[in-house]
Amino acid sequence: QAINNEIKPNYIIYDKGYKQLNVLIAGCGTGHQILQAQRYKNAQITAIDLSLSSLSYAKRKLNELNIINVNLIQMDILEVGLLKDKFDIIECGGVLHHMYSPSKGLKVLLDSLNTNGFLKLGLYSQLARKNIVKARNYLTNKKQKATQENIRNFRENIFLGKSPELSSLQESDDFYTLSSCRDLCFHEQEHRFTIPELKETLSNHKLKFLGFLLPQSIKSIYNNHFPEDKQQTNLHNWTSFEEKYPNTFSSMFQFWVSKL
């Protein structure tokens, strides 16, 4: 039911009976996704991240909230196979697009996904991050590294109107904290995708697109444009929709897939 709430109006039927659900969060950070994953009933959660400090923070929060169904592991996504486990659900949001080879990371995750399992991905949109690309090019040209001083100076210049072409960055919540702003504009490596590229990636990995996570208000607008797409899973239509409404995926594409 948790997945259906996110992909509606599409709908999947999945019944594990009374068996425990095996969930992997690949790149859990400080634990926000772990808390969200508590929506899965009767689940055992494995959460991995490269950052030991992030995992330590997540552990403290889990202890405070008395959450006991989570196993935290410091691990690179490319090492997931070492877990020697298969998962019914894998969530990986905001991680693959920072890897040298997102496709390689995706393959590793799929190797650990049960045949009838489900994968949730979060990837950057090329169109929605047009202003971020401007900022990244600006920082590259000025050879600005991701130090705290540089991040603060960068934000201060924008607040003071010294870089008016980048003023739209102030519309992002991520602009207002050092760590988030670092990920927003200063990350060393970033891949961005168009919807046709997403479609090609899913085809290459033999995956079925199940639906985007979007506010109901946006899905209603989509329905007005494409009423014939009852499940709202036609990626050709979504390409046209994003071109008309380029801020639709301003945070990132978030969507569910399953193996064909």
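For the structure, see preceding data.
Residue positions within a chain follow its written sequence, with the count starting from 1. With the structure being a predicted model, the display of local features is reserved for residues of pLDDT at least 70 and the display and counting of side-chain atom pairs for 80 or more, all residues being used for whole-chain, interface and lining totals. Processing note: side-chain calculations cover all non-hydrogen atoms of the structure and skip hydrogens and water entirely.

### Considerations on the nonpolar core
To define a nonpolar core, start from buried Ala, Val, Leu, Ile, Met, Phe, Trp, Tyr and Cys residues and group those joined through side-chain atoms within 4.5 Å. Here's how the labels work: a residue is buried when its accessible area is under 20% of the maximum for its type, exposed when over 50%, partly exposed in between, all with a 1.4 Å probe on protein chains only. In this structure, Leu109, Phe212, Trp238 and Phe255 are the most contacted members of the largest nonpolar core, which totals 38 residues. Excluding its chain neighbours within four sequence positions, the residues that come into contact with Phe212 are Glu6, Ile7, Lys219, Leu235, Trp238, Phe249, Phe253, Gln254 and Phe255. Judged by nonpolar contacts, the second largest core, of 24 residues, contains Ile7, Ile25, Ala47 and Val70. Note on contacts: a residue pair qualifies if any of its non-hydrogen atoms lie within 4.5 Å across the two residues.

### Quick notes on the side chain of Arg136
Helix and strand definitions follow DSSP, with helices as H or I runs of at least four residues and strands as E runs of at least two, each counted in order from the N terminus. Along the polypeptide, Arg136 turns up in helix H5 (residues 130-141). Excluding its chain neighbours within four sequence positions, the residues that come into contact with Arg136 are Cys185, Phe186, His187, Glu188, Gln189, Glu190 and Arg192.

### Describing a nonpolar patch on the surface
For patch building, the residue pool is restricted to those with more than 30% relative accessible area and no salt bridge; the joining distance is 9 Å between like charges and 5 Å between nonpolar side chains (Val, Leu, Ile, Met, Phe, Trp, Tyr). To measure how exposed things are, a 1.4 Å probe is used in the Shrake-Rupley method; for residues, cover is taken only from the protein chains shown. The term salt bridge refers to a pairing of a side-chain nitrogen on Lys or Arg with a carboxyl oxygen on Asp or Glu at a separation within 4 Å. A cluster of nonpolar side chains, Phe159, Leu160 and Tyr176, forms an exposed patch at the surface whose accessible area comes to about 300 Å². Inspection of the secondary structure assignment puts Leu160 in the loop between helix H6 (148-159) and helix H7 (178-186).

### A closer look at the sheet that holds strand E3 (residues 70-74)
Here a strand pair is declared whenever DSSP counts at least two bridges between the two strands. Reading across the sheet, the 7 strands line up as E3-E2-E1-E4-E5-E7-E6 and stay open at both edges, with mixed pairing between neighbours. Both outer strands of the open sheet, E3 and strand E6 (207-212), are each paired with one neighbouring strand and no more. For this sheet, the mean inter-axis angle between neighbouring strands, taken without regard to orientation, is 20 degrees. Here strand E1 (residues 21-26) pairs with strand E2 (residues 43-49) via 6 bridges, running parallel. Looking at E2, one finds that Leu21 is bridged to Ala43. Inter-axis angles, ranging from 0 to 180 degrees, are taken between N-to-C directions of lines fitted to C-alpha atoms, where helices are fitted over the stretch in contact. Strands in contact with helix H4 (residues 102-111) are E1, strand E4 (87-93), strand E5 (113-123), E6 and strand E7 (253-259); relative to E5, the strand with the most contacts, it is inclined by about 150 degrees. Its contacts with the sheet put helix H8 (residues 195-204) on E5, E6 and E7, and the angle it makes with E7 is roughly 20 degrees.

### Some details on unusual backbone geometry
Residue Pro9 is bonded to the preceding Lys8 through a cis peptide linkage, with omega at 20 degrees. Its place among the elements puts Pro9 in the loop between helix H1 (2-7) and E1. Of note in the backbone geometry, Lys84 takes a positive phi value of approximately 50 degrees without being a glycine. The exposed category is assigned to Lys84, whose relative accessible area is 75%. Phi is positive for Gln232, close to 55 degrees, though the residue is something other than glycine. Relative to the helices and strands, Gln232 is located in the loop between helix H9 (216-225) and helix H10 (235-244).

### Comments concerning the environment of Lys162
Summarising the element assignment, Lys162 is placed in the loop between H6 and H7. Classification of Lys162 as exposed rests on a relative accessible area of 59%.

### Considerations on the pattern of salt bridges
Inspection of every chain in the model, using the stated rule, returns 8 salt bridges. Put simply, Glu91 and Arg39 hold a salt bridge, and the shortest N to O gap is 3.1 Å. Taken together, the positions of Glu91 in strand E4 and Arg39 in the loop between helix H2 (32-36) and E2 put the pair 52 residues apart, joining distant regions of the chain. By relative accessible area, which is 2% here, Glu91 ends up buried. In this structure, Glu190 and Arg136 form a salt bridge, with 3.5 Å as the shortest nitrogen-oxygen distance. Placement of Glu190 in the loop between H7 and H8 and of Arg136 in helix H5 is noted, with a sequence separation of 54 residues between them. A single burial state applies to Glu190 and to Arg136, both of which are buried. Each of Glu6, Arg39, Glu91 and Lys120 takes part in one network of salt bridges that share partners.

### A closer look at the packing of aromatic side chains
Two descriptors summarise a pair of aromatic rings, namely the distance from one centre to the other and the angle between the planes of the rings. Only centres within 6.5 Å qualify two rings of Phe, Tyr or Trp (six-membered ring in Trp) as a pair; their planes then separate them into stacked at under 30 degrees, edge-to-face at over 60, and tilted for everything else. Applying the stated criterion across every chain yields a total of 19 aromatic pairs. Ring geometry for Phe249 against Phe253: centres 4.7 Å apart, planes inclined by 50 degrees, an arrangement best described as tilted. Among the aromatic side chains, those forming a connected cluster through ring pairs are Phe209, Phe212, Tyr222, Phe226, Trp238, Phe241, Tyr245, Phe249, Phe253 and Phe255. Working rule: Lys NZ or Arg CZ, within 6 Å of ring centre, within 35 degrees of ring normal, means a charge sits over the ring. Here the guanidinium or amino end of Arg129 rests over the ring plane of Tyr124, the centre of that ring lying 3.5 Å away.

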